[in-house]
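Report on the structure
Given next are the chains, with one letter for each unit.
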Amino acid sequence: MLLRTVACRSWARSCLYRAHTTVASRPEPPAGSEEVASAVNDLSKPAHVQAPKRKPFMKSMFLGTVDTELLTFPESLNRDEQARLNRHREELERALQAPAGPDSIRLAGLQGPLAYGGKQFTETEFAYVQELVAGERTVAMGALEHNAIVKLLAQHGTPEAQEQYLAKLCAGETVAAAGLYELSSSRDTMFSTVASLDFTGGRWTLSGTKVFLRTGPADPDLLLVVASTKRMEKLNKEDGTIAAFLVDARAPGVKIEEAPLGTGGLARVTVHLNRVEVPESALVGTENEGGTVLSKFLSAVRVQSSVVRVALLKKVLNGLTEFAIHSKAATGDMMDLELVREQLARMASVIYAAESLIYSTASLMDDYEGQDVEMEAAITKVFTTGSLLSLATLPLQLLGPQALSGERPFQALFDDALKLFIGDESIDSVNLFIALTGLQYAGMHTHETIKKDRNPAMNPSHVLSRLFDKTSIEHPKKFADLQQYFHPSLEPAAHWIEQSVVRLRLATECVLSRHGVEVIERHLELGRLATIATQLYAMVACASRASRSYCIGLRHAAQDVHLANMFCREGSERVRLLALELEKGPYITSDDDYNVIARNLFREKRYYFEHPLTRNF
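Residues numbered from 1 in each chain as written. Predicted model: local features only at pLDDT ≥ 70, side-chain atom pairs only at ≥ 80, totals over all residues. Heavy atoms only, no water.

As annotated in an unreviewed UniProt entry, the protein carries the name Acyl-CoA dehydrogenase family member 9 and comes from Anopheles arabiensis. The UniProt entry for the protein carries the following comment under Cofactor (unreviewed entry): "FAD". Per its UniProt entry, the protein bears the Sequence similarities (unreviewed entry) comment "Belongs to the acyl-CoA dehydrogenase family." (UniProt positions renumbered as here; feature names shortened; annotations may be inferred.)

With that settled, the discussion passes to the side chain of R576. Within the fold, R576 resides in helix α17 (residues 557-584). Using a relative accessible area of 19% as the deciding quantity, one classes R576 as buried. When neighbours within four sequence positions are excluded, R576 is seen to be in contact with I473, E474 and R503. (Helix = DSSP H or I, 4+ residues; strand = E, 2+ residues; numbered from the N terminus. Buried < 20%, exposed > 50% of the residue type's maximum accessible area, 1.4 Å probe, protein only. Contact = heavy atoms within 4.5 Å.)

A few words on the pairing of strand β4 (residues 222-228). Burial analysis of β4 places 7 of its 7 residues in the buried class, the great majority of the element. Because side chains alternate across β4, one face comprises the buried residues L222, L224, V226 and S228, and the other comprises L223, V225 and A227, equally buried. Both strand β1 (residues 176-179) and β4 contribute to a ladder of 4 bridges, which runs parallel. Bridge pairing links A177 to L223 in β4. Inspection of the sheet shows β4 paired to strand β5 (residues 242-248) by 7 bridges, in the antiparallel sense. Bridge pairing in β5 links L224 to L246. (Pairing = 2+ DSSP bridges.)

This part takes up the packing of helix α10 (residues 374-392) against helix α12 (residues 410-422). Orientation of α10 relative to α12, taken along the N-to-C sense of each, is 155 degrees, at an axis distance of 9 Å. One element, α10, and the other, α12, form an angle in the roughly antiparallel class. Our pair here, α10 against α12, has a crossing hand that is left-handed. Contact residues: T385, L388, L389 and A392 in α10; F414, A417, L418, L420 and F421 in α12. Of the residues in the contact of α10 with α12, the class split is 8 nonpolar, 1 polar and no charged. (Axes fitted to C-alpha atoms, helices over the stretch in contact; angles between N-to-C directions. Parallel < 35°, antiparallel > 145°, perpendicular 65-115°, else oblique. Left-handed = near helix turned anticlockwise from the far one by under 90°. Nonpolar A, V, L, I, M, F, W, Y, C, P; charged D, E, K, R; others polar.)

Right, let's talk about the pattern of salt bridges for a bit. When the charged atoms of two side chains with opposite charge come close together, those side chains can pair. Taken as a whole, this structure holds 27 salt bridges when the rule is applied. Salt-bridge contacts for K210 lead to E182; the nearest nitrogen and oxygen are separated by 3.0 Å. Highlighted residues: K210 in strand β3 (residues 203-214) and E182 in the loop between β1 and β2 (194-198), separated in sequence by 28 residues. Put simply, R54, D67 and E69 are held in one network by salt bridges that share partners. (Salt bridge = Lys/Arg side-chain N within 4 Å of Asp/Glu carboxyl O.)

α17 packs onto helix α9 (residues 338-367) with a crossing angle of 95 degrees between their chain directions and a minimal axis gap of 10 Å. By the angle between their axes, α9 is roughly perpendicular relative to α17. Across the interface between the two elements, A345, R346, A348, S349, Y352 and A353 of α9 pack against D560, L563, M566, F567 and E570 of α17. Along the lines of polarity and charge, the residues of the contact of α9 with α17 split into 7 nonpolar, 1 polar and 3 charged.

For the rest of this paragraph, the subject is unusual backbone geometry. Even without glycine at this site, Q120 takes up a positive phi of about 55 degrees. In this model, R275 sits at a positive phi of 50 degrees, which is unusual for a non-glycine residue. Within the fold, R275 resides in strand β7 (residues 267-279). Owing to a relative accessible area of 59%, R275 belongs among the exposed residues under this scheme.

Using the criterion set out here, one finds 2 cavities of 30 Å³ or more in the structure. Here the largest cavity is characterised by a volume of approximately 150 Å³. Forming the boundary of the largest cavity are 15 residues, of which L70, T72, P74, S360 and L364 lie nearest the centre. The element best represented in the lining of the largest cavity is helix α16 (residues 523-552), accounting for 4 residues. In the lining of the largest cavity, the residues fall into 9 nonpolar, 5 polar and 1 charged. For the lining of the largest cavity, the two domains that each supply at least three residues are domain 3 (292-421) and domain 4 (429-600). (1 Å grid on protein atoms, 1.4 Å probe; cavity = no way out; pocket = protein on both sides within 12 Å on 5 of 7 lines; lining within 4 Å. Points joined across faces, edges and corners; volume = space filled by probe spheres on them. Domains from an automatic or database assignment.)

Taken as a whole and judged by the stated rule, the model has 5 aromatic pairs. Judged by centre distance (6.3 Å) and plane angle (70 degrees), the ring pair of F383 and F567 falls under edge-to-face. Taken together, the residues F383 in helix α10 and F567 in helix α17 connect sequence positions 184 residues apart. Residue class for F383 comes out buried when judged on its relative accessible area of 9%. Residue class for F567 comes out buried when judged on its relative accessible area of 7%. Clustering of aromatic rings is evident, with ring pairs tying together Y607, Y608 and F609. When the ring centre of Y128 is taken as reference, the NZ or CZ atom of R89 above it lies at 4.3 Å. Directly above the ring of Y352 sits R545, whose terminal nitrogen or CZ lies 3.9 Å from the centroid. (Phe/Tyr/Trp six-rings, centres within 6.5 Å; stacked < 30°, edge-to-face > 60°. Lys NZ or Arg CZ within 6 Å of the ring centre and 35° of its normal.)

Relative to the helices and strands, S228 is located in strand β4. By relative accessible area, which is 0% here, S228 ends up buried. Counting along the chain gives 36 residues from S228 to S192, while the straight-line C-alpha distance between them is 7.2 Å. In this structure the side chain of S228 is engaged in a polar contact, spanning 2.5 Å, whose partner is the backbone nitrogen of F191. (Polar contact = N/O pair within 3.5 Å; in protein donor to acceptor, adjacent residues only side chain to side chain.)

See below:
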């Protein structure tokens, strides 16, 4: 009877999983049909059908609400699309193994339109194929940025720019790179690089300096430049502050200087724009759509660059695993030491969660029209980047000086991890973006409640209702029975996820009620809130992937369940501690002490504490 009950529950979960899978682009043909076997003609590839836009997944978590249909790990590709993708991957793998080796030309048109010679890959397909070259950091980083620009041009470019550039970009004859980042900031405009429009001539003039990573031996031919178009004090609510342009790297006024950064052809390139004139057709999107274009570009690059970081983490883990198998310790085999097992298991769980984040976010981008995935993409980058540097140092912790031996690859892997960690984007700034975006979304929906919290004298009934609230950060109350959306073996993970959702909501309300609009200055509290959101999204992605693996009977599915339960238990405890610190506030934690000590450092301009042997009598 017990076996029958378990079988029925498993069947019900499986049916629920199928009901909640994402859309397929068209009805799936039978497994043995010729269409699946021969569906390799690029021009016959159907467009990937998207479902209507849903509410933001992670932003809604700040309100304590969960889109349960997105708790099922996505199957973005149907059988037909999967067959095409596997065939493309096999062909690309054979080409990359040719004597010429990997190069970016073979990867240039993967996300370009079919009509211009591209493959029209979705983000999920591109991530899967890019795993082949993720070990070649230079090629992979250049290809993902190039393809993101091609996709933006196909979606938002003017017809003139599309005809001029798309075919060459897809063929690899023209190489594109993004000039987004700057070494200096401006208080008057969003970017120090400024674009002004000559209304009589219909041309834009760009002036400023940009920085990007060049990933090949030659300079790029085309730059995507984001520039400010208006001063902050002259803006109306309807005005856009930035615009995106395609700039010919060989145009008059463009000067490129480079400084070496690491090995393998990766270099930091400075581009000086001295009154560079570009036609109005070079606009990507309209004058007021620069923010949208920038958001789409950053979301795509943040997700796809995470594929490269995960590939590097796998190399470190595989190297350590092999070393532990063939090495001896004073008490026996190294692989029998609990300390080694713990560290390797933790690293495996982080890689598993990072992979899950990549494909969960890519599916949101592919399967829902105009879906808001800014936060999910930012979290994916923060999680993979933060894990990269800490786990790349694991060989140094376990092996000591042996890790730097020339016989082992760990020093080279650590150098690569450091270069990928540096990148062109501050992780702290991305964390602030995550927290502020979530607080803004929550504030728009709960401003009346926050207003009452900040004015208790005028709202005594509201204060009394808060006092008798049965849920708290220390003892969160379940609200949605999320375990019904996962396999029964993942009930512990679902329990910890649900507790963490409640804690994120309570921490959000606490921070907004305490600081109001001044929360933008509370960077330490914003950092804690961003870490909670990051941990929660990783927990959801990890548990939903393990649930899918067990439901469909993938190899090692039982280990997936162990890993997901472990990861969610430890993540839930981390969320609890961070939420309690937010509840305590800056004066009970050390936040205010940090400010006092740092102010004295700035005043003295040095380490100012007296020597331990100093006497005053």
